[in-house]
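Residue-level structure breakdown
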Amino acid sequence: MSFHSVTLDSDKCKGCIHCVKRCPTQAIRVRNGKAVILSELCVDCGECIRVCPHHAKKAVYDPLQMIEDYTYKIAMPAPTLYGQVNNLDDIDYVLTALKHMGFDDVFEVSRAAELVSEATRLKMQEGSLQYPIISSACPVVERLIRVRFPELCEHVLPLLSPMETAARMARQEAMEKTGLPTEEIGIFFISPCPAKVTDIKRPIGCEKSAVDGALAISEIYPKLISCMNKIDQPEPLARSGLIGVSWAGSGGEAAALLDNHYLAADGMENVIKVLEEVEDGKLDDVHFIELDACAGGCVGGVLTVENPYVAKARIQLLRKYLPVSENHLSTGRVPEEMYWSEPLEEAPVMRLADDLNESMRMMREISAIHERLPGLDCGSCGAPTCRALAEDIVRGVANENDCVFRLREQVRALAASLTGLDAVEDYRKEEAE
C-alpha cells in the first residue's frame, strides 16, 4: 500500500464538502457521511488540511524522539524555518539552537539549493532540456504532473531536490568526520509541508531517500525558540548565502538562474492554470517555470507556524545580512549523483480500464450519465463535480440517486404518479355510485 502523509480522522469528520471542492486532483469523496481519500489520486498537497473546519485531516511526520535511535544525529533545516523567527539577523542562532535540542550537527538545505541552482544554470546552457523547463523542487507538483499532466513529464528538470542533495552530502561529510557506518548516522529534515514527508518515504527520482526522518517545523518550534533564548554566543555554523535562503519563498529558485525568461507561480489553483497553459503550448517562450503548491512558496506549508507572507517578508530582511552564495560545483559540471536515477513517468490512475475498447465504452457511458445530471457541480452528492459522479457511477461506487436533484425529480415523479392513481380511484368510486 502506498504511503501518504495526509491522513483522515473519521471521528472528527462531519461530512461537509470543503475538502471535496478544494482537492486539486479530485481525490476526496464523501460517502456514508464521511470523507474518503482516494489514495491513488492524492498528491499530499495538504490543501484539505488547510481548509477542513473540523480538523479531520492531519499530516503524519516523525516524532523528535526518533533522533535517539541514531549515534550521530544531523538536523537539516529547510530555509523556511528562518522565516518563522521574528527579528532574526543571524542564522547561526537557529543552527546552534538545533544542536542544543539534541542534534550533533546541522546541514543547511540552502547549501544544496545553491548547488542545484548552479546545476540548473549549467543544464540550461547545454540546451539539452525541453523548454519550458519545470522545476523538480516541489514534490506536490511532480506528483500532480504524473497524475493530471503526464505529457509534461519530459519538461521536468531531472535533478534531485535540494533536500535529497543535502542529505547525501551531509551523510558523506558525517562518515568522513566520525568514521561511523552509514546506519548509525541519522539525517532529519525539518519540514514545512507533508509532501516532503511523502517524498522521503516514497521518493521520486531515486529508489531510496537519504533522509531518515521528517520533523514538522510546527512540532519543534516551541523547543527551538526556548533554546534560542538561552544562547549568548552562537557557533559559526551557517554556510549558505541569499541564493539558497531565497528558495523559501516563491520566485527564489527562478531568480537564482540569472535568466529573465522565467515564470514563478504559487498556490495550487495557479499551479494548475500554468500547467494547463504549458500543455496547450502557450508558454513556449518561457525558459524556466518555478511552481510551488503552497501559497507564497514553501513558507506557506501547512506544517509551519507563521503567516506565509510574514515569513516571506522576514526572509527578505534576512537576505541583507547574507553573502550572495557560499556553495559552488567544484568541477564546473553537474555531478552524476545530482541527477535522477529514475525518470518521471505517468501514474496511470486516470485510466478507466486497461483495454482500450472497454475504456471507450465506459467513456460513452460516463458522457450519457453526465448529460442526465444537472451540471451544477454542487458537491452535494459527495463528489466534486457531476463528471466525477458519473465516473464513480460507471466504476460501480456510486449511483444516480446520490445526486439530490435527480433524486428529487424521481420523488416528484413518484408523487405525481401516486396522485394520478388516487384520482383514478376517486373517479371509479364516483362511477360506481
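Below or above, wherever it landed, is the structure these notes cover. The written sequence of each chain sets the order in which its residues are numbered from 1. Totals for whole chains, interfaces and linings use every residue, but because this is a predicted model, local features are given only for residues with pLDDT of at least 70 and side-chain atom pairs only at 80 or more, for both listing and counting. Side-chain descriptors were evaluated using all non-hydrogen atoms of the structure, hydrogens and water having been removed beforehand.

Structural notes on the nonpolar core
Residues enter a nonpolar core if they are buried and are Ala, Val, Leu, Ile, Met, Phe, Trp, Tyr or Cys, with the set joined through side-chain atoms within 4.5 Å. Only protein chains enter the area calculation, which uses a 1.4 Å probe; residues under 20% of their type maximum are buried, those over 50% are exposed, and those in between are partly exposed. Core analysis: the biggest nonpolar cluster contains 52 residues, and V140, I145, L275 and L291 have the highest contact counts within it. Helix and strand assignments follow DSSP, with helices taken as H or I runs no shorter than four residues and strands as E runs no shorter than two, numbered in order from the N terminus. Of all the elements, helix α11 (residues 268–279) adds the most residues to this core, at six residues. If you look at the next biggest cluster of nonpolar residues, it comprises 37 residues, including L64, L88, M101 and I217.

Description of the pairing of strand β2 (residues 28–31)
Two strands make a pair as long as DSSP finds a minimum of two bridges between them. Alignment of β2 against strand β3 (residues 34–37), held across four bridges, turns out to be antiparallel. Paired with V30 across the bridge in β3 is A35. Linking β2 to β3, which pair antiparallel, is a turn of two residues; within it N32 sits at a positive phi near 55°.

Details of empty space enclosed by the protein
Using protein atoms alone on a 1 Å grid, points that fit a 1.4 Å probe yet trap it form a cavity, whereas open point sets bounded by protein on both sides within 12 Å along at least five of seven lines form a pocket; residues with an atom within 4 Å of a point count as lining. Grid points are joined across faces, edges and corners, and a volume is the space filled by probe spheres set on the points. A full pass over the atoms with the stated rule returns six cavities of 30 Å³ or more. Within this model, the largest cavity holds a volume of roughly 310 Å³. As for the largest cavity, its lining consists of 23 residues, of which A137, K196, W247, D292 and C298 are closest to the centre. Looking at the lining of the largest cavity, the elements with two or more residues in it are α4 (109–126), α6 (162–178) and β11 (288–292). Of the residues that constitute the lining of the largest cavity, the class distribution is 17 nonpolar, two polar and four charged. Nonpolar residues are Ala, Val, Leu, Ile, Met, Phe, Trp, Tyr, Cys and Pro. Charged residues are Asp, Glu, Lys and Arg, and all others, Gly as well, are polar.

Focus on the pattern of salt bridges
Think of a salt bridge as a Lys or Arg side-chain nitrogen and an Asp or Glu carboxyl oxygen that are within 4 Å of each other. Within the structure shown, the criterion is met by 21 salt bridges. Its salt-bridge partner being R111, residue E173 comes within 3.1 Å of it at the nearest N-O pair. Note that E173 is positioned in helix α6 and R111 in helix α4, a separation of 62 residues in sequence. Exposure remark for E173: the relative accessible area of 34% places this residue in the partly exposed category. Taking relative accessible area as the criterion, R111 reaches 5% and is therefore assigned buried. Of the charged contacts in the structure, one is a salt bridge between R387 and E391, with a shortest N-O distance of 4.0 Å. Here E391 and R387 lie together in helix α14 (residues 386–395), a separation of four residues that amounts to about one turn. For R387, a relative accessible area of 25% corresponds to the partly exposed category.

Section: unusual backbone geometry
With an omega dihedral of -10°, the bond running from Y131 to P132 counts as a cis peptide bond. Relative to the elements of secondary structure, P132 occurs in the loop between α4 and β7 (133–134). One non-glycine residue, N32, lies in positive phi territory at about 55°. Assignment of secondary structure puts N32 in the loop between β2 and β3.

Some thoughts on the packing of helix α3 (residues 91–100) against helix α8 (residues 217–228)
The angle between two axes is taken between their N-to-C directions and runs from 0 to 180 degrees, where each axis is a line fitted to C-alpha atoms and a helix contributes only its stretch in contact. α8 packs onto α3 with a crossing angle of 105° between their chain directions and a minimal axis gap of 8 Å. The angle between α3 and α8 places the two elements in the roughly perpendicular class. Here Y93, V94, A97, L98 and H100 of α3 come into contact with α8, specifically with I220, L224, C227 and M228. In the contact of α3 with α8, the residues fall into eight nonpolar, one polar and no charged. Comment on the angle field: the value is read as roughly parallel under 35 degrees, roughly antiparallel over 145, roughly perpendicular from 65 to 115, and oblique elsewhere. Any two residues whose heavy atoms approach within 4.5 Å are treated as being in contact.

Here we look at the layout of surface pockets
A volume near 510 Å³ is recorded for the largest pocket. Every residue lining the largest pocket is counted, 23 residues in all, and those nearest its centre are Q26, L41, M350, E391 and R395. Of all the secondary structure elements, the ones that give two or more residues to the lining of the largest pocket are β2, α5 (139–148), α13 (356–372) and α14. The element contributing the most residues to the lining of the largest pocket is α14, with five residues. In terms of residue class, the lining of the largest pocket is made up of twelve nonpolar, two polar and nine charged.

Considerations on the sheet that holds strand β8 (residues 185–191)
With parallel pairing, four strands are arranged side by side in an open sheet as β6-β5-β8-β9. At either end of the open sheet lies a strand with only one pairing partner, and these are β6 (105–106) and β9 (213–216). Inspection of the sheet shows strand β5 (residues 72–77) paired to β8 by six bridges, in the parallel sense. Counted as the bridge partner of M76 is F189 from β8.

Structural notes on the state of the cysteines
By convention in this document, the label disulfide applies to cysteine sulfur atom pairs within 2.5 Å. Tallying each qualifying case throughout the model produces zero disulfides. C138 takes part in no disulfide bond, and the closest cysteine sulfur, belonging to C294, lies 6.6 Å away. Among the cysteines around C378, which has no disulfide bond, C381 carries the closest sulfur, lying 6.2 Å off. Residue classification places C378 among the partly exposed residues on the basis of a relative accessible area of 32%.

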